[in-house]
Amino acid sequence: MGFALVAGIGIERATKVFARTTAIKGISLDIKDGEFMVLLGPSGCGKTTLLRCVAGLEHLDDGRITIGDRDVTDLAPRHRGIAMVFQSYAVFPHMTVEDNIGFGLRMHRRPKAEITRRVAEGAELLGLTSLLARYPAQLSGGQRQRVAVARALVMDAPVLLMDEPLSNLDALLRLQARADLKRLHKEVKRTTIYVTHDQVEAMSMGDRIAVMREGSIEQVGAPMEIYDRPASQFVGGFIGSPPMNFLRGSVRAGSFEGDGFAFPISRVPPKVDGRGLLLGVRAEHLRIGDQGVPARISVVEPLGDHALVTALVGKTPIKVQAPIDVRAKPDDDVRLAFDESKARWMDAETGAAL
Amino acid sequence: MNARVLDRTLVYGGAILLAVWVLIPLYLVAISAFTPQARLFDYPKPLVPTTFSTETMQFFLEARGVIPSVINSILVALFTIAFGLALGTPAGYALARFRFRGRQAFQVIVLATKMFPIAILSIPLAVTFLQLGLYDNLIAVALVHTAMALPFIILVTGGVFVAVSHELEEAAQTLGCSRWGAFLRVALPLALPGLAAAAIFTFVISWNEVFAATILTLRTRTLPAQVLAGLGTSPLGFKFAGGLFMAMPAVAFIFLIRRYLMNLWGSR
Ligand SMILES: Nc1ncnc2c1ncn2[C@@H]1O[C@H](COP(=O)(O)OP(=O)(O)OP(=O)(O)O)[C@@H](O)[C@H]1O
Ligand SMILES: [Mg+2]
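Counting starts from 1 at the beginning of each chain's written sequence and moves along it residue by residue. Chains carry letters from A onward and ligands carry numbers from 1 onward, assigned in written order. Confidence filtering applies because this is a predicted model: local features only for residues at pLDDT of at least 70, side-chain atom pairs given and counted only at 80 or more, and all residues used for totals across whole chains, interfaces and linings. In computing side-chain properties, one takes all heavy atoms of the structure into account and sets aside hydrogens as well as water.

A few points about the packing of aromatic side chains
Step number 1: Ring geometry is summarised as follows: Phe, Tyr and Trp rings, the Trp one being its six-membered ring, pair when their centres sit within 6.5 Å, and such pairs are stacked at plane angles under 30 degrees, edge-to-face over 60 and tilted between the two. Per the stated rule, a full pass over the model turns up 19 aromatic pairs over all chains.
Step number 2: Plain terms: the ring middles of Phe 263 of chain A and Phe 338 of chain A are 6.3 Å apart, the flat faces sit at 85° to each other, and that makes the pair edge-to-face. On the criterion of sequence distance, the pair formed by Phe 263 of chain A in strand 13 (residues 261-264) and Phe 338 of chain A in strand 19 (residues 333-338) is long-range, its members being 75 residues apart.
Step number 3: Given the relative accessible area of 16%, Phe 338 of chain A is considered buried.
Step number 4: Both rings, one in Tyr 93 of chain B and one in Phe 98 of chain B, keep their centres 6.1 Å apart while their planes meet at 80°; by these two values the pair is edge-to-face.
Step number 5: We call a residue buried when its accessible area falls under 20% of the maximum for its residue type, exposed when it is over 50%, and partly exposed in between, using a 1.4 Å probe and counting protein chains only. Here Tyr 93 of chain B falls in the buried class, since its relative accessible area comes to 8%.
Step number 6: Among the aromatic residues, those joined into a ring-pair cluster are Phe 256, Phe 261, Phe 263, Phe 338 and Trp 345 of chain A. In DSSP terms, a helix is any run of H or I states spanning at least four residues, a strand is any run of E spanning at least two, and both are numbered starting from the N terminus.

Considering the nonpolar core
Step number 1: Joining through side-chain atoms within 4.5 Å is the link that ties buried Ala, Val, Leu, Ile, Met, Phe, Trp, Tyr and Cys residues into a set, and such a set is a nonpolar core. Counting residues in hydrophobic clusters, the biggest one holds 89 residues, and the most contacted among them are Phe 92, Ile 101, Phe 103 and Leu 161 of chain A.
Step number 2: Ranked by residue count, the leading element in this core is helix 4 (residues 141-153) of chain A, at six residues.
Step number 3: Every residue pair with non-hydrogen atoms within 4.5 Å of one another is taken to be in contact. Once residues lying within four places of it in the same chain are set aside, the contact partners of Phe 103 of chain A are Phe 92 and Met 95 of chain A together with Ala 172, Leu 175, Cys 177, Arg 185 and Val 186 of chain B.
Step number 4: Counting 26 residues, the second largest nonpolar core, distinct from the first, contains Phe 256, Val 281, Ala 295 and Phe 338 of chain A.

Details of the interface of chain A and chain B
Step number 1: Across the boundary between the two partners, chain A contributes 23 residues, which contact 18 residues of chain B.
Step number 2: Overall, the association of chain A and chain B removes approximately 1900 Å² of surface from exposure, summing both partners, and the carbon and sulfur fraction of that is 70%.
Step number 3: Computed with a 1.4 Å rolling probe, the buried area is the accessible surface lost when two parts are put together, summed over both parts. In terms of surface lost to chain B, no three residues of chain A exceed Arg 78, His 94 and Met 107 of chain A, which account for 29% of the buried area on that side.
Step number 4: Take a side-chain nitrogen of Lys or Arg and a carboxyl oxygen of Asp or Glu: if they are within 4 Å of each other, that pair is a salt bridge. Joining chain A to chain B, the criterion identifies one salt bridge.
Step number 5: A salt bridge links Arg 52 of chain A to Glu 170 of chain B; the nearest nitrogen and oxygen atoms lie 2.7 Å apart.
Step number 6: Looking at the side of chain A that touches chain B, the elements that each hand over two or more residues are strand 6 (82-85) and helix 2 (97-107) of chain A.
Step number 7: It is helix 2 of chain A that provides the largest number of residues to the side of chain A that touches chain B, a total of three residues.

Let's talk about the site of ligand 1
Residue and element names in this part refer to chain A.
Step number 1: A single heavy atom is enough: if one lies within 4 Å of a molecule or strand, its residue is considered near that molecule or strand. Near ligand 1 lie 14 residues; those nearest to it are Ser 43, Gly 44, Lys 47, Thr 48 and Thr 49.
Step number 2: A 3.5 Å cut-off defines polar contacts: any pair of N or O atoms within that distance qualifies, except that in protein one atom must be a possible hydrogen donor and the other a possible acceptor, and neighbouring residues in sequence count only when both atoms are side-chain atoms. A distance of 2.5 Å is found between an oxygen atom of ligand 1 and a side-chain nitrogen or oxygen belonging to Ser 43.
Step number 3: Backbone polar atom of Gly 44 to an oxygen atom of ligand 1: 2.8 Å apart, as the coordinates give it.
Step number 4: Burial of ligand 1 by the surrounding chains reaches 61%, relative to a free accessible area of 630 Å².
Step number 5: A per-element tally of the shell around ligand 1 places helix 1 (residues 47-55) first, with three residues.
Step number 6: The residue classification treats Ala, Val, Leu, Ile, Met, Phe, Trp, Tyr, Cys and Pro as nonpolar and Asp, Glu, Lys and Arg as charged. All others, Gly included, are polar. Along the lines of polarity and charge, the residues of the shell around ligand 1 split into four nonpolar, eight polar and two charged. Shrake-Rupley sampling with a 1.4 Å probe provides the accessible areas, and residues are treated as covered by the protein chains on show and by no other component.

Here it is, written out as structure tokens:
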């Protein structure tokens, strides 16, 4: 459609202010050509706003956006070379599935034969071929979602924007659709920005994840990098199920001490003596045994393939992923061992990793 | 009797009551209009007409000025719909979509224009139209009817566009439409049933309006103005026939467009 086929996205110091809130605060982010970038963050952190700015549905108050080698900051959505899947799908209720999918091509005045062919291809790709004559009111939620995706895909726009496209599906359908979208991306290789607040979705789909918080980006990186080395308490607490455990305390002479606990520690970041610290450890890096940090079991939850044990270290509840045959019972006194090389140290005040 | 049955009984009971309330006068006017002149004063009136005659109706339609005034009325109503929707739809759309300064005030002012009775406005209006050379002109009547219908049209179309998700228009924009194109291809078609309803009511407002039409015209009378002008001198049968004739188009129009209102696009 006359757009560059190579299209990375550059966001520079993007700022968007609404009457009462600054929805995004000077965000910079570079997305490579063909990359699948996930925007992840809690509700209200500005994910949708950032996506709408890239789409051209919101006008930036400051900063600029480039797609490929073009500055699109002041361009209307239709001139940006983007296609978008909306959170609500926004499938046109007065058009059949076929007309919905072909709408963008008709607007770009493609020849009839080409429209027919591409609509058929798009419908085939998303398993909609038998539904082409139906109206959206006659479709299930999952089918409507696929229409929305097909409508965006057939545009062949170099950039694909998706705003929580799976959030309205039930759990099973969601699993299926997640795999489908991932396969689709492998096949079509568009530069994609994918918004979600579901960290599992983010981990499984993204080439990279940008974790957002209150209008800023907290950390950008590959899923496992973010999982293993969260840049802040917020990221560690947001990613992973259960979230990362944090113990608040300070280091004195090789011992980590806090509210009701003290245990020796060997790997400590330099020059932290006396400073308020957080020790972050993931549930699966903790083992219940007879060595390590003293703790008292408070809850044991069997979850099929493993058990989730909550233990109190001092007064802090700590989640431990234990084998399903763990013998711990509530009120047992146990010890928790952990691999110090997998632990993260953070500043207690700023939450930033050290 | 459980709550649902009670609910339905109330709803249906209310609906029947309303229908009877509206239908009985219509029915009485109708049978009178089709009763021969001689039997008009029969008492007690038979509920089912025993004699049927188009004599009164014929007399009414052949009376001088009736057919031209019917045509005038239709023209005025169509002009009013055209003017009213052309002005009211954008205003309603703006109310629905944009958060502009003075939005609340605008809404109140739109309604406030309804505070001035047409009886008060009609003399200055007549003078103004005389000065503009618009007196005794169908366009002039249509303009006044437009002014009377506008608040209603603006508020109704505003409500209609609020119900059409803005995201649909945005989706159209990402798919290659301009702002205007998105309105034309998505918002407008989806708003059509609501706009049709607004058009119906505009038609009825204009068709039934008598005061401004009487003051602003002399020879190019609309039907109500024509009937009113002859009211004192015409026989009773003429009045029944006129009444029925004035009620019929509105009823027919609503029947015609009702299907379109109720079940647009299949199973929704
Ligand atoms: N049109 C608007 N007018 C005013 N404030 C807005 C508008 N759109 C968004 N906001 C505000 O901007 C902030 C970010 O909103 P945004 O919709 O981008 O969040 P989000 O991360 O997409 O959340 P969610 O996961 O719930 O969809 C919120 O505080 C929201 O209230
Ligand atoms: Mg959102």
